Amino acid sequence: MSARPANALGILLISGGHERAHYALVMAAGAAALGRDVTLFATNAGCRLLLADPLLAADPREALLVSRGVAGIATLLPAARELGVRMIACEAGLAAEGLREAGLAAGVERAGVATFLAAVGAGQIVTL
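Residues take numbers from 1 onward in each chain, read along the sequence in its written order. Per-residue local features of the predicted model are confined to residues with pLDDT of at least 70, and side-chain atom pairs are confined, for both listing and counting, to 80 or more; whole-chain, interface and lining totals are unaffected and use all residues. With hydrogens and water set aside, each side-chain value is computed from the structure's full complement of heavy atoms.

Enquirer: What should I look at first to understand the pattern of salt bridges in this one?
Expert: Note on definitions: salt bridges are taken to be side-chain nitrogens of Lys or Arg within 4 Å of carboxyl oxygens of Asp or Glu. Applying the stated criterion across every chain, the model contains two salt bridges. Here Arg86 and Glu109 are joined by a salt bridge, their closest N and O atoms 2.7 Å apart. Placement of Arg86 in strand E3 (residues 86-90) and of Glu109 in strand E4 (residues 109-111) is noted, with a sequence separation of 23 residues between them. Helix and strand labels come from DSSP, where a helix needs a run of H or I of at least four residues and a strand needs a run of E of at least two; each type is numbered from the N terminus.

See the structure below:
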């Protein structure tokens, strides 16, 4: 197993709310833009962010942010992918939320917590 860089950042998203999901993407994109190795791991309700049909993009807060000139989830999700953010939907979290058969957004992996922890290595983990 190869060692991960010390500047790796793992973002653990457990919340299904727009505010935390949005900020998880802000953190992911920002860190990746600075050259950090970023893995976004969504579990339980947080898995909703990584669905092929992103329900959170329809949240009223999304329109409010966009009207105020702030990039929303619909903008940040593809931007984070372009910046190389690795996105993982937790297999157990999908099952717990009844989303096991749900389609995931392009480029999203299905894996478990061990995959997330191995990706982050000795780096930092932020939980939202």
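Still more to cover.
Enquirer: Explain the packing of aromatic side chains here, please?
Expert: The description of an aromatic ring pair rests on the distance of the ring centres and on the angle between the ring planes. Between rings of Phe, Tyr and Trp, where Trp is taken as its six-membered ring, a pair exists when centres lie within 6.5 Å; planes separated by under 30 degrees are stacked, by over 60 edge-to-face, and by other angles tilted. Inspection of every chain in the model, using the stated rule, returns one aromatic pair. Measuring from ring centre to ring centre gives 4.9 Å for Phe41 and Phe116, while their planes differ by 15°; the resulting arrangement is stacked. Remark: Phe116 occurs in helix H5 (residues 113-120) and Phe41 occurs in strand E2 (residues 38-42); sequence separation between them is 75 residues. Phe116 carries the same exposure label as Phe41, and that label is buried. Buried means the residue's accessible area, taken with a 1.4 Å probe over protein chains only, is under 20% of the maximum for its type, while exposed means over 50%, and partly exposed covers the values in between.

Enquirer: Please clarify how H5 should be interpreted in this entry.
Expert: Given 3.6 residues to a turn, an α-helix orients residues that are three or four positions apart in the same direction. Among all positions in H5, only Phe116, Ala119 and Val120 are buried. Down the axis of H5, the buried side of the element spans an arc of 90°, and every buried residue falls inside it. Contact definition: two residues touch when any of their heavy atoms are within 4.5 Å. Elements in contact with the buried residues of H5: strand E1 (9-13), E2, E3 and strand E5 (124-127). Phi turns positive, to about 55°, at Gly121, one or two residues after H5. Note that the arc is computed from the directions linking the helix axis to the C-beta atoms.

Enquirer: Where do I start with the side chain of Thr39 in this structure?
Expert: When you line up the elements, Thr39 lands in strand E2. Leave out the neighbours within four places in its chain, and Thr39 touches Leu9, Gly10, Ile11, Arg86, Ile88, Phe116 and Ala119.

Enquirer: Please clarify how the sheet that holds E1 should be interpreted in this entry.
Expert: Sheet strands pair via backbone hydrogen bonds, and the direction of the pair is either parallel or antiparallel. Read across the sheet, five strands follow the order E4-E3-E2-E1-E5 without closing on themselves; strand pairing throughout is parallel. Two strands in the sheet have a free side with no partner beyond their single neighbour: E4 and E5. Taking each pair of neighbouring strands and ignoring which way they run, the sheet shows an average axis angle of 25°. Against the sheet, helix H1 (residues 18-33) contacts E1, E2 and E5, and its axis sits at roughly 170° relative to E1. Between N-to-C directions, angles cover 0 to 180 degrees, with each direction set by a line fitted to C-alpha atoms, over the stretch in contact for helices. The strands touched by H5 within the sheet are E1, E2, E3, E4 and E5, with E1 carrying the most contacts at an inclination of about 150°. By this definition, two strands are paired if DSSP reports at least two bridges between them.

Enquirer: So what exactly am I meant to see when it comes to the packing of H1 against helix H3 (residues 73-82) here?
Expert: Two measures define how a pair of helices packs: the angle their axes make with one another and the distance between the axes. In the contact formed by H1 and H3, the axes pass within 9 Å of each other and the chain directions differ by 35°. The interaxial crossing formed by H1 with H3 has left-handed handedness. For the pair formed by H1 and H3, the contact residues are His18, Ala21, His22, Leu25 and Val26 on the first element and Ile73, Leu76, Leu77 and Ala80 on the second. Polar here means any residue other than Ala, Val, Leu, Ile, Met, Phe, Trp, Tyr, Cys and Pro, which are nonpolar, and Asp, Glu, Lys and Arg, which are charged; Gly is therefore polar. Grouping the amino acids of the contact of H1 with H3 by side-chain chemistry returns seven nonpolar, two polar and no charged. The sense of a crossing depends on the near helix, which, turned anticlockwise from the far helix by less than a right angle, makes the crossing left-handed and, turned clockwise, makes it right-handed.

Enquirer: I would appreciate a short explanation of the nonpolar core in the present structure.
Expert: Where a protein is soluble and globular, its nonpolar side chains tend to be buried together. To form a nonpolar core, buried Ala, Val, Leu, Ile, Met, Phe, Trp, Tyr and Cys residues must be joined to one another through side-chain atoms within 4.5 Å. Core analysis: the largest hydrophobic core is formed by 30 residues, its most contacted members being Leu40, Leu49 and Leu50. Leaving out residues up to four positions away in the same chain, Leu49 has contacts with Leu13, Ala21, Leu25, Leu40, Leu56, Ile73 and Leu77. Within the second largest apolar cluster, seven residues are counted, among which are Leu12, Phe41, Ile88 and Ala111.

Enquirer: How should I be thinking about unusual backbone geometry in this particular structure?
Expert: Glycine aside, the phi torsion of most residues is negative, and most peptide linkages are trans. Positive phi, normally seen in glycine, also occurs at Asn44, with a value near 45°. Relative to the helices and strands, Asn44 resides in the loop between E2 and helix H2 (60-67). For Asn44, a relative accessible area of 33% translates into the label partly exposed.

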